[in-house]
Amino acid sequence: MPGREDLKKLSLLGKESRLPASPDEAKLEIFPNQRPGRRYWITLKTSEFSSLCPVTGQPDSANIEIRYVPDAVIVETKSLKFYLASFRNQPAFNEEIVNRILDDLVAALKPKELIVRGEFAPRGGIQLTTEAVYPECDA
């Protein structure tokens, strides 16, 4: 990355950092899209997502998939990893988590399109999947 002035603003990549305590404390870092005129999808997946049930306090785990068509900027993946890890002690319903991730990514990236899908581990024999989409379509 030497010579890339646009990357010098990144505060996590290549540095030792501590995980944020909450999504409010986390920072999604961005860098310029080198192909802003091209329409292409970026897909990011993790199977290590966890949060807490707001009623029982029990841990929830999920596979999270984020797909987006970037516009001017791209999310830096270490900051995304830290952001997602910041949910680990957060009590929230699964549906709210997926929608929060979508809202936070839209605010940071202003993408052309974005989909967040959370496939949560079964509870009581029922597996829950939530998908949130930007821009919203009129149904």
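Going by the structure above, here's the rest.
Residues numbered from 1 in each chain as written. Predicted model: local features only at pLDDT ≥ 70, side-chain atom pairs only at ≥ 80, totals over all residues. Heavy atoms only, no water.

Q: Explain the nonpolar core to me, and be specific about the residues and the numbers.
A: With 28 residues, the main nonpolar core has Phe49, Ile66, Tyr68, Leu80, Ile101, Leu105 and Val116 as its most contacted residues. Other than its neighbours up to four places away in sequence, Ile101 contacts Phe49, Ile66, Tyr83, Leu84, Phe87 and Val116. (Core = buried A, V, L, I, M, F, W, Y, C linked by side-chain atoms within 4.5 Å. Buried < 20%, exposed > 50% of the residue type's maximum accessible area, 1.4 Å probe, protein only. Contact = heavy atoms within 4.5 Å.)

Q: Which residues make up the pattern of salt bridges, and what are the values?
A: Two side chains bearing opposite charge may form a pair once their charged atoms approach each other closely. In this structure the tally under the stated criterion is 8 salt bridges. Lys45 is the salt-bridge partner of Glu65, the closest N and O atoms lying 3.5 Å from each other. Within this pair, whereas Glu65 is found in strand E3 (residues 59-69), its partner Lys45 is found in strand E2 (residues 42-52), the two being separated by 20 residues in sequence. Residue class for Glu65 comes out partly exposed when judged on its relative accessible area of 23%. The class of Lys45 is exposed, set by a relative accessible area of 65%. A salt bridge links Glu131 to Arg117; its shortest N-O distance comes to 3.1 Å. Of this pair, Glu131 sits in strand E6 (residues 129-134) while Arg117 sits in strand E5 (residues 113-120), and the two are 14 residues apart along the sequence. When salt bridges with common partners are traced through the structure, they connect Asp24, Arg100 and Asp104 into a single cluster. (Salt bridge = Lys/Arg side-chain N within 4 Å of Asp/Glu carboxyl O. Helix = DSSP H or I, 4+ residues; strand = E, 2+ residues; numbered from the N terminus.)

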